[in-house]
Amino acid sequence: MAWREVMCGGLRADDAGRRVTLAGWADTRRDHGGLVFIDLRDHTGKVQLVINPERAREAAEAAHKIRNEFVLQVTGEVVPRAPEAINPNLPTGQIEVQADELRILSRSAPLPFQLDEEGVDETLRLRYRWLDMRTERMQRNLRLNHDAIAAIRRVMDERGFVDVWTPSMTRGTPEGARDFLLPVRLQPGKFFALAQSPQLFKQLCMVGGIDRYYQIATCWRDEDLRADRQFEFRQLDYEMAFVEREDVLDVMEACVAGAFEAAGVEPPQRPFPRLAFADAMLRYGSDKPDLRFGMEIQDATDVTRDSEFGVFKNAPCVRYLVVPRTFSRTEQARLEELAKEWGAKGVANLTQITKFLSERELEVFGVEEGSTALFVADEEALVARVLGLLRLHLARELDLIDADLDVFHWVLDFPLFEASEEYGGWTFMHHPFTAPVAGEEDRIEADPAHTHGQHYDLIWNGWELGSGSIRIHQAEVQQAVFRVMGMGEEEQTDKFGFLLEALQMGAPPHGGFAMGIDRFIALLAREPDIRQVTAFPKIASGSDPLTGAPTPYPDVALRELGIRLLDPQPE
Ligand code: ASP
């Protein structure tokens, strides 16, 4: 006999009279004057079992022993409930199953927390993830994860993309994070890096004539863990040959729409709006602005250049936010504190500096009764960043964000390079394989500050979902980019010789994109962080509470790998 013939959550009034076999977990047990009631649960829902000792003595005896989360197999008849016992809140609430056979398939020790308990510490939930997974929330999230990815795969398949597996163990890929290193027993002292992305392999697939590549690729980056970041995560990674930027963006938009439909949510309007990087920084102070609300940053520099007010006059850049409310002294002091934490000298409230400003300034900056203009004066990048953070902070505090909105948009027209704080000189904005805008190839070395890249980012409600670009497909251009980044001939050959060679043997023009699947699903599931949509995530310290990893290894094992620890092993 099958373990189960029907699922618990699927039984309805018109099943009355059927004899069924069910299997699942005991959600609750209640004894009522001899009768035993059990809510039996599987991932489709719950159904009420009734066991009557007069009709089924053995089953009733077994039922008395049942505790929460015992695993049961039950056979019995579906019967309508008495009118007063109907539960309109439960899809199966019209019926119950009169069980006459009941087998305990598995017992459960007392639980560290109840499945329906609120506010359970997250580390405890992760330590016992197999219990946590039985909750409606986790069932929904993991199944949504599956459905969205299945929909994305269908879109990619329909469009002729080929799923090619690329190695995890590779050379370091410059995606801007630290590599995870993997020692090699056969070659002590040497290390693989775990791929930060399949970037170069997918480009090599283009050179290899796979002109539509994709993969749901696991990527590893050694960065601090956050709401939207784990050490390992998955990307929808794809690459296309003989395409323009618009072709690449269109594929991504179709995937988003497909996943939304699979989740039963109205997809966002296509094509997604586009915003130039410079515009995003000017108006929102961020390259991943949240566009669910306005409150745009205003530039005041043209007016303040001739100001009598020293703070404005001497600042290379002055910008302000108009906030639809006023602030008490204490609130204003708190905003100033925040601005200082973010690196500004302060934030000025128009009402406090009125006496220093000219008529013209007051006319331009004047705000309606009940609103406040908040100014930051400093270097441009700092002003943008601080006002961008302030804009977000105030929108949250003042509840200006409509949580039901889904705003997708592209940020385009990035510079190819940015000044490198760490090394001085220039570093890449996206990664070193992004092509300059056509026609700007000669500018790369002559004027890196003003070379534009063909890079694009996808943003959803202020979360960066992913990035991509049209790539460099000519070795000379690639070498020019490497040189701007301070990489000599020898280092180029050592690190990227294979790429330069490939670019010299018939590389087609190509471009692609990668979207963080986990971030995408978390937002689709309306969850605040990616741990809630990841089956077995790590916590902020970088540990896995379930298995206890990472763990020390005995010295002999390390010696085999050519490794000796600087500090003695913890016990
Ligand atoms: N490899 C890039 C990343 O991981 C995406 C891309 O350029 O396609 O962000």
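Right above here is the structure, for reference.
Here's a quick rundown of the structure. The shown structure was predicted, so the numbers you read here are calculated from the model rather than taken from an experiment. (Residues numbered from 1 in each chain as written. Predicted model: local features only at pLDDT ≥ 70, side-chain atom pairs only at ≥ 80, totals over all residues. Heavy atoms only, no water.)

### A word on the overall build of the protein chain
- The helix and strand inventory of the protein chain stands at 18 helices and 22 strands.
- Here the protein chain, with 571 residues, has 48% of them falling under the buried criterion.
- Summing over all exposed atoms, the protein chain offers an accessible surface of approximately 29,000 Å²; the carbon and sulfur share of this is 50%. (Helix = DSSP H or I, 4+ residues; strand = E, 2+ residues; numbered from the N terminus. Buried < 20%, exposed > 50% of the residue type's maximum accessible area, 1.4 Å probe, protein only. Areas by Shrake-Rupley, 256 points an atom, 1.4 Å probe, with all protein chains shown as cover.)

### Some points on the site of the ligand
- Near the ligand lie 13 residues; those nearest to it are E175, Q199, K202, H431 and R471.
- Contact between the ligand and K202: an oxygen atom at 2.6 Å from a side-chain N or O atom of the residue.
- R471 places a side-chain nitrogen or oxygen 2.7 Å from an oxygen atom of the ligand.
- Protein chains shield 95% of the accessible area of the ligand, which is 270 Å² for the free molecule.
- Within the residue set of the shell around the ligand, elements represented by two or more residues are α5 (199-207), β21 (463-470) and β22 (510-516).
- The residue makeup of the shell around the ligand, split by class, is two nonpolar, seven polar and four charged. (Near = heavy atom within 4 Å. Polar contact = N/O pair within 3.5 Å; in protein donor to acceptor, adjacent residues only side chain to side chain. Nonpolar A, V, L, I, M, F, W, Y, C, P; charged D, E, K, R; others polar.)

### What about the sheet that holds strand β9 (residues 191-194)?
- Pairing in this open sheet of three strands is antiparallel, and the strands run β7-β9-β8 from one edge to the other. Only two strands of the sheet have a single partner each, and these edge strands are β7 (169-170) and β8 (181-183).
- Judged from the three bridges that link them, β8 and β9 form a sheet pairing that is antiparallel. Residue pairing in the sheet places L182 in a bridge with F192 of β9. (Pairing = 2+ DSSP bridges.)

### Focus: the side chain of D15
- Along the chain, D15 falls in the segment before β1 (19-32).
- By relative accessible area, which is 11% here, D15 ends up buried.
- Within the structure, the side chain of D15 is placed 2.8 Å from the backbone nitrogen of R12, a separation counted as a polar contact.
- There is a polar contact of 2.9 Å between the side chain of D15 and the side chain of R18.

### Some points on helix α15 (residues 475-484)
- Taking burial as the measure, the 10 residues of α15 include eight buried ones, the bulk of the element.
- Listed as buried for α15 are A475, V477, Q478, Q479, A480, V481, F482 and V484.
- Contacts made by the buried residues of α15 are with β18 (417-419), β19 (426-428), α14 (443-446) and α16 (489-503).
- Positive phi shows up at G486, right after α15, with a value of about 85°. (Contact = heavy atoms within 4.5 Å.)

### Description of the packing of aromatic side chains
- Inspection of the entire model under this criterion finds 23 aromatic pairs.
- Note on F312 and F375: the rings are 5.2 Å apart at their centroids and 40° apart in plane angle, and the pair reads as tilted. Within this pair, whereas F312 is found in helix α9 (residues 310-313), its partner F375 is found in strand β16 (residues 372-378), the two being separated by 63 residues in sequence.
- The lysine or arginine in question, R127, covers the ring of Y128, its NZ or CZ lying 4.6 Å from the ring centre. (Phe/Tyr/Trp six-rings, centres within 6.5 Å; stacked < 30°, edge-to-face > 60°. Lys NZ or Arg CZ within 6 Å of the ring centre and 35° of its normal.)

### Regarding the pairing of strand β4 (residues 71-80)
- By the criterion of burial, β4 is predominantly enclosed, with eight of the 10 residues buried.
- Here 10 bridges tie β4 to strand β5 (residues 95-106), and the two strands are oriented antiparallel to one another. Its bridge partner being in β5, E77 is matched across the sheet by Q98.

### Examining the pattern of salt bridges
- As enumerated under the stated definition, the model contains 43 salt bridges in all.
- Ionic pairing is found between R319 and D299, a salt bridge with its closest N-O pair at 2.7 Å. In this pair, R319 is assigned in strand β14 (residues 317-323) and D299 in strand β13 (residues 297-299), connecting sequence segments 20 residues apart.
- A salt bridge links E331 to R325; the nearest nitrogen and oxygen atoms lie 2.8 Å apart.
- Of the residues examined, R325 reaches a relative accessible area of 28% and is grouped as partly exposed.
- Shared partners join several salt bridges into a network, and the residues in it are D27, R41, K46, E69 and R134. (Salt bridge = Lys/Arg side-chain N within 4 Å of Asp/Glu carboxyl O.)

### So, the sheet that holds strand β17 (residues 408-412)
- Taken together, eight strands build an open sheet; the order of strands is β6-β10-β11-β22-β21-β20-β17-β12 and the sheet is mixed. Among the strands making up the open sheet, the edge pair consists of β6 (162-163) and β12 (274-276).
- Judged from the seven bridges that link them, strand β11 (residues 232-241) and β22 form a sheet pairing that is antiparallel. Residue pairing across strands places M240 opposite G511, the latter belonging to β22.
- Sheet contacts for helix α4 (residues 136-158): β6, β10 (212-220), β11 and β22; angle to β11, the most-contacted strand, approximately 10°. (Axes fitted to C-alpha atoms, helices over the stretch in contact; angles between N-to-C directions.)

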